[in-house]
Amino acid sequence: MARPLPPEFQPQYHQLHRVGRPGEWRSIVGVLLLLVLVFGVVPLVAGGVAFAVLLLAGSSMEEAGAVLDVTGEATPAGLALLNAIIAAAIPLTFLVTWWLHRLKPRWLSSVAPRLRWGYLLACMGLSVVALLASVGVGLLLPLQAGDAPVGEVNDFTTQTRDFIIVILLLTPLQAAGEEYLFRGYLTQAFGSLVWGRRASQALAVLVPALVFALFHGLSQDWPVFFDRFAFGVVAGILVIRTGGLEAPIAMHVLNNFLAFGLALAFGDLTTALNAEGGGSWWTILSTLTQSLVYLGLASWVARAMGLVDVGPPVGGAPLPPPAGDPVLAVPPPRV
């Protein structure tokens, strides 16, 4: 039997499954279901539909296969399909949250419960500041074997234009999709499995960060794996501190914009999309600087804006709104 909730219980973001349908098994089933859907079923269905559309548009079997081969040469159509597949995690997490837990999907965005757009926009600016700090540290690091200074700018072609359009339109949705899956549903699922405060927070941060890093490829170099794991840890801490997904989404969007932008300007987008090697432990100092500076700034701004980081009491009394932000008084999360 599920442990009864005290009437004064105010859940943090990672504990919200506890105020839905009782039963920890629901969270485990939801995690497995979402991972199968996002990384198994959706790619098969979307790939099949895209393949049929390309054939109807006059492409040959070989041409259609080359477009859909994510491990081959990158194409704008292939990148658009990849981004759309990952973005599908947003409605899927909404569906599973409602179906298994009978919680309204808006509780995945934050404890407000909604996406707090003002804070999200502020975090976009903060992510640029953190990036500049990272670049400053990176300029002080020694070049490693195989590294080279930035070379000539790549030629601007029609394919470059198409890549830019796809990146600007779909990369934010792709980044948000990963955050709703890993820092959203998985954080709530693992954070609701145990009652101990520290144990609950540790599970909510570390397990999704590990799964996030692993799903980027099992053949990653250790520095690359650690970098992605550290990103997941910082993002998970921000979710609990701020009570929502806005800060991780902003950081994720900027990181992807930067990575794709540099690849288009100076490198190769195919290599950037399939980056599992070539990492250096020296670069960890730069990326950790970015993450830690962003962690401090985003936490400080959240406090300055008076954002709440807990939901309302189970008994139904809404939280008192912080000064200057009356919209944060919310009803109980039960449906």
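These figures come from a predicted structure and were not determined experimentally. (Residues numbered from 1 in each chain as written. Predicted model: local features only at pLDDT ≥ 70, side-chain atom pairs only at ≥ 80, totals over all residues. Heavy atoms only, no water.)

Enquirer: Help me understand the overall build of the protein in this model?
Expert: Looking only at helices and strands, the protein features 11 helices and zero strands. Element order for the protein, N to C, with α for helix and β for strand: α-α-α-α-α-α-α-α-α-α-α. Within the protein, residue pairs in contact and separated by at least 24 positions form 79% of the contacts whose partners lie at least 6 positions apart. In the structure as shown, the protein presents an accessible area of about 16000 Å², 71% of it carried by carbon and sulfur atoms. (Helix = DSSP H or I, 4+ residues; strand = E, 2+ residues; numbered from the N terminus. Contact = heavy atoms within 4.5 Å. Areas by Shrake-Rupley, 256 points an atom, 1.4 Å probe, with all protein chains shown as cover.)

Enquirer: Help me understand the pattern of salt bridges in this model?
Expert: Charged atoms that come close allow side chains of opposite charge to pair. Summed over all chains, the structure comprises four salt bridges. The partner of Asp162 in a salt bridge is Arg161, and the shortest N-O contact between them spans 3.0 Å. (Salt bridge = Lys/Arg side-chain N within 4 Å of Asp/Glu carboxyl O.)

Enquirer: It is not clear to me how helix H1 (residues 25-56) should be interpreted in this structure. Could you clarify?
Expert: Three- or four-residue spacings in an α-helix give side chains the same orientation, since the helix completes a turn every 3.6 residues. If you check H1, its first and last C-alpha atoms are 44 Å apart, about what 32 residues at 1.5 Å a residue would give, namely 46 Å. Along H1, the positions that sit buried rather than exposed are Arg26, Ser27, Gly30, Val31, Leu34, Leu35, Val38, Val42, Gly47, Ala50 and Leu54. Immediately beyond the C-terminal end of H1, within one or two residues, lies Gly58, with a positive phi of roughly 105°. (Expected span 1.5 Å × (residues − 1). Buried < 20%, exposed > 50% of the residue type's maximum accessible area, 1.4 Å probe, protein only.)

Enquirer: Quick question: what am I supposed to make of a nonpolar patch on the surface here?
Expert: Together, Val36, Val41, Leu44, Val45, Val49 and Val53 make up an exposed nonpolar region whose accessible area comes to about 550 Å². Note on placement: Val53 falls in helix H1. (Patch = residues over 30% accessible without salt bridge, like charges linked within 9 Å, V, L, I, M, F, W, Y side chains within 5 Å.)

Enquirer: I'm lost on the nonpolar core in this one. Help?
Expert: Across soluble globular proteins, nonpolar side chains show a tendency to be buried alongside one another. Formed by 56 residues in total, the largest nonpolar core has its most connected members in Tyr185 and Tyr294. Tallying contributions element by element places helix H6 (residues 158-191) first for this core, with nine residues. Core analysis: the second largest hydrophobic core is formed by 10 residues, Leu79, Val166, Phe260 and Leu269 among them. (Core = buried A, V, L, I, M, F, W, Y, C linked by side-chain atoms within 4.5 Å.)

Enquirer: Sorry if this is basic, but what is going on with the packing of aromatic side chains here?
Expert: Each aromatic ring pair is described using two quantities: the centre-to-centre distance and the angle formed by the ring planes. A complete count under the given rule lists eight aromatic pairs for this structure. With 4.5 Å between their ring centres and 35° between their planes, Phe39 and Phe215 make a pair best called tilted. With a gap of 176 residues between them, Phe39 in helix H1 and Phe215 in the loop between helix H7 (197-214) and helix H8 (222-242) connect regions that are remote in the sequence. Taking the relative accessible area as the measure of exposure, Phe215 reaches 39% and is therefore partly exposed. Residues Phe182 and Phe215 carry aromatic rings whose centres are separated by 6.5 Å and whose planes lie at 55° to one another, so their mutual orientation is tilted. Here Phe182 is found in helix H6, whereas its partner Phe215 is found in the loop between H7 and H8, with 33 residues between them in sequence. Note on Phe182: relative accessible area 2%, which makes it buried. Grouped by ring-pair contacts, the aromatic residues Phe39, Phe182, Phe212, Phe215 and Phe231 constitute a single cluster. When the ring centre of Trp98 is taken as origin, the NZ or CZ atom of Arg102, which lies over that ring, is 4.3 Å away. (Phe/Tyr/Trp six-rings, centres within 6.5 Å; stacked < 30°, edge-to-face > 60°. Lys NZ or Arg CZ within 6 Å of the ring centre and 35° of its normal.)

Enquirer: Just to check I follow, could you spell out the packing of H8 against helix H9 (residues 246-266) for this structure?
Expert: Two quantities define a packed helix pair, namely the angle between the helix axes and the distance between the axes. Close contact between H8 and H9 brings their axes to 8 Å; oriented N to C, the two are set at 150°. Overall, the two elements H8 and H9 adopt an arrangement that is roughly antiparallel. Contacts from Phe231, Val234, Ala235, Leu238 and Val239 in H8 reach Ala247, Pro248, Met251, His252 and Asn255 in H9. A class-by-class count of the residues in the contact of H8 with H9 yields eight nonpolar, two polar and no charged. (Axes fitted to C-alpha atoms, helices over the stretch in contact; angles between N-to-C directions. Parallel < 35°, antiparallel > 145°, perpendicular 65-115°, else oblique. Nonpolar A, V, L, I, M, F, W, Y, C, P; charged D, E, K, R; others polar.)

Enquirer: Which parts of the structure should I look at to understand the side chain of Gln220?
Expert: Here Gln220 is to be found in the loop between H7 and H8. At 2.7 Å, the side chain of Gln220 forms a polar contact with the backbone oxygen of Ala213. (Polar contact = N/O pair within 3.5 Å; in protein donor to acceptor, adjacent residues only side chain to side chain.)

Enquirer: For this particular structure, what's the right way to read the environment of Gly125?
Expert: Here Gly125 shows up in helix H5 (residues 117-140). As for Gly125 and Ala298, which are separated by 173 residues in sequence, their C-alpha atoms are 10.0 Å apart.

Enquirer: Just checking my understanding: could you explain the confidence of the model for the protein for this structure?
Expert: Low pLDDT marks stretches whose predicted atomic positions should not be read closely. When pLDDT is averaged along the protein, the result is 85, and 85% of the positions lie at 70 or above. Looking across the protein, the model is least confident in helix H2 (residues 61-68), with a mean pLDDT of 74, and most confident in helix H4 (residues 89-101), with 97. (pLDDT = per-residue confidence, 0-100.)

Enquirer: Would you mind going over unusual backbone geometry with me for this structure?
Expert: Most peptide bonds take the trans configuration, and most residues that are not glycine carry a negative phi. Here Ala112 and Pro113 are connected by a cis peptide whose omega angle stands at 0°. Looking at the secondary structure, you find Pro113 in the loop between H4 and H5. A positive phi is found at Arg102, a non-glycine position, where the angle reads about 55°. As for its placement among the helices and strands, Arg102 is situated in the loop between H4 and H5.

Enquirer: Which parts of the structure should I look at to understand H5?
Expert: Under the 1.5 Å per step criterion, the end-to-end length of H5 is 36 Å for 24 residues, consistent within 8% with the ideal 34 Å. Listed as buried for H5 are Tyr119, Leu120, Cys123, Leu126, Ser127, Ala130, Leu131 and Ser134. At its buried positions, H5 is contacted by H8, H9 and helix H11 (281-304).

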